[in-house]
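# Analysis of the macromolecular model
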Amino acid sequence: MRIKLAGGVGEHGRNCFLVQGERLSFLVDCGKMAGAEQPNPYLEPEEIRSLSHVFLTHSHADHTGALPWLEEQGFDGIVAATPETLSQLKQMPQRTISLNEFSPPDGMTLKWGRSGHCTGSVWYHFHLEGRSLLFSGDYTEHSLAYVADPIRDLHADLAVLDSAYGPETRSGPEMRQGFLSEAAKSCGQGKPLVLPVPKYGRGLELALLLHQTWPGLSFYGDAHFIRQLDWLRGDQAWTTADIRDQLSDLTVEPIPESVPETGVLFLSDPQLRDPRDEGLARRWAQFGGLILTGSVEMGTGSFRLQRKGYGTFCRIPVHCTDQEMLALERQNIFRQVIPYHSAEHPQQAVWIGL
Ligand SMILES: [Zn+2]
Ligand SMILES: [Zn+2]
């Protein structure tokens, strides 16, 4: 068996891993590198045609954005993911199956667990052809909003682990504290704050954190953000009863006509690609603060605002640091580890033989 690192190792984006066995060949994730001239995974046409499945860890574009390209290139296999991940995809693949209904092909066993990164996000543990493989997906055990099934006591010949935060030395709670110190400059001073957030993931997490810190704070959000909050409140699978209780305490109003004196606005447009969102974020930032919590892509609204001195970047714990990745290595038995999702860990060999 061999594994091809088809993207996402030594770079941030385009996450894609090809597992090529004697009888089975499949991908874990098929992401796109935002802003790259050649944004798709490094896969040859014959490799694409031989695939039976693509297993998605979650819906974010750096894990799923190249699926339409894959189908254009002749992929006619099945895309397997949680129902939540499938429902979040921008474009539905031709053939899909929910992990809840998936029975692995002969010779494969598959175990998966929640990875704490967003609704629908999972890690995978495969057994096939006498080998075992672990893919953490984007993984955190620190989420305030999403439950994780910790990766523990598993054996794998190869583990591909999230190390997106690389040498970052702060713990999850310390990163959160850093975000709150920045937010205090607006929320603690009676000024407005605007937060561009991904469609699925850390937005609700930040709302919970801000609500815990400043219980009287008003929240505003676009229709998508409000729908996500409503959805998670009623969800039993990705949150706990305690989280649902906290979520039921949150009130999020639609975006007001003019910038209020105080309060937090959530925009489900992390790069502020929509010119209306960029304009809105600028107006709010002129009166208060703008905090960016994900990597900013060149040429986007977030990029322009940051260049004009509006946005401050704060990392919050939705991925692993190197230290957390090393902890996973200690808590499991992994023969070989490939850190992914970071430029900090380039890998010489594209193919790994097992
Ligand atoms: Zn992600
Ligand atoms: Zn990712």
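Anything mentioned here points back to the structure above.
Residues numbered from 1 in each chain as written. Chains lettered and ligands numbered in written order. Predicted model: local features only at pLDDT ≥ 70, side-chain atom pairs only at ≥ 80, totals over all residues. Heavy atoms only, no water.

### Some thoughts on helix H9 (residues 275–287)
- With 13 residues, H9 should reach 18 Å at 1.5 Å per residue; the first-to-last C-alpha distance of 19 Å fits that figure.
- Of the surrounding elements, those touching the buried residues of H9 are strand S12 (192–196), strand S13 (219–221), strand S15 (263–267), strand S16 (289–292) and helix H10 (301–307).
- Where H9 starts, the residue carrying a side-chain oxygen 2.8 Å from the main-chain nitrogen of Arg-276 turns out to be Asp-274. (Helix = DSSP H or I, 4+ residues; strand = E, 2+ residues; numbered from the N terminus. Expected span 1.5 Å × (residues − 1). Contact = heavy atoms within 4.5 Å. Polar contact = N/O pair within 3.5 Å; in protein donor to acceptor, adjacent residues only side chain to side chain.)

### Focus: the packing of helix H7 (residues 223–233) against helix H8 (residues 241–248)
- Two numbers describe how H7 lies on H8: the axes approach to 9 Å, and their chain directions differ by 140°. Comparing the axis directions of H7 and H8 gives the class oblique. Crossing geometry of H7 relative to H8 is assigned as left-handed. Across from Leu-229, Leu-232 and Arg-233 in H7, the residues of H8 making contact are Arg-244, Leu-247 and Ser-248.
- Among the residues making up the contact of H7 with H8, the classes are represented as 3 nonpolar, 1 polar and 2 charged. (Axes fitted to C-alpha atoms, helices over the stretch in contact; angles between N-to-C directions. Parallel < 35°, antiparallel > 145°, perpendicular 65-115°, else oblique. Left-handed = near helix turned anticlockwise from the far one by under 90°. Nonpolar A, V, L, I, M, F, W, Y, C, P; charged D, E, K, R; others polar.)

### With respect to empty space enclosed by the protein
- Tallied over the full model, the rule gives 3 cavities of 30 Å³ or more.
- If you add up the space inside the largest cavity, you get close to 70 Å³.
- Mapped onto the lining of the largest cavity, the elements with two or more residues apiece are helix H6 (202–213) and H7.
- Counting residues per element, the lining of the largest cavity draws most heavily on H7, at 3 residues.
- For the lining of the largest cavity, the per-class residue count stands at 6 nonpolar, 5 polar and 1 charged. (1 Å grid on protein atoms, 1.4 Å probe; cavity = no way out; pocket = protein on both sides within 12 Å on 5 of 7 lines; lining within 4 Å. Points joined across faces, edges and corners; volume = space filled by probe spheres on them.)

### Comments concerning the environment of Arg-131
- Within the secondary structure layout, Arg-131 lies in strand S9 (residues 131–135).
- Between the C-alpha atom of Arg-131 and that of Met-108, which follows or precedes it by 23 residues, the distance is 9.8 Å.
- Sequence-distant contacts of Arg-131, that is, excluding residues within four places in its chain, are made with Met-1, Phe-126, Asp-157 and Leu-354.

### Concerning the coordination of the zinc ion (ligand 1)
- At the metal site, the zinc ion (ligand 1) is ligated by His-58 (NE2), His-60 (ND1), His-117 (NE2) and Asp-138 (OD), and these contacts range over 2.2 to 2.5 Å.
- Coordination at the zinc ion (ligand 1) is irregular: its 4 donor atoms span angles of 86 to 173° at the metal. (Donors = N, O, S within 2.8 Å, 3.2 Å for Na, K, Ca; no water. Tetrahedral: all angles 85-135°; square planar, octahedral: opposite > 155°, others 65-115°.)

### Details of the packing of aromatic side chains
- Under the counting rule described, the total for this entry stands at 12 aromatic pairs.
- With centroids separated by 5.0 Å and ring planes inclined at 70°, the aromatic side chains of Phe-55 and Phe-126 adopt a geometry described as edge-to-face. Of this pair, Phe-55 sits in strand S4 (residues 53–55) while Phe-126 sits in strand S8 (residues 122–128), and the two are 71 residues apart along the sequence.
- Ring centres of Phe-219 and Phe-266 lie 5.7 Å apart, and the angle between their planes is 55°; on these two criteria the pair is classed as tilted. Of this pair, Phe-219 sits in strand S13 while Phe-266 sits in strand S15, placing them 47 residues apart in sequence.
- Its relative accessible area of 0% is what places Phe-266 among the buried residues.
- Three or more aromatic residues joined by ring pairs make a cluster, and in this case those are Phe-17, Phe-26, Phe-55, Phe-102, Tyr-124, Phe-126, Phe-135 and Tyr-340. (Phe/Tyr/Trp six-rings, centres within 6.5 Å; stacked < 30°, edge-to-face > 60°. Buried < 20%, exposed > 50% of the residue type's maximum accessible area, 1.4 Å probe, protein only.)

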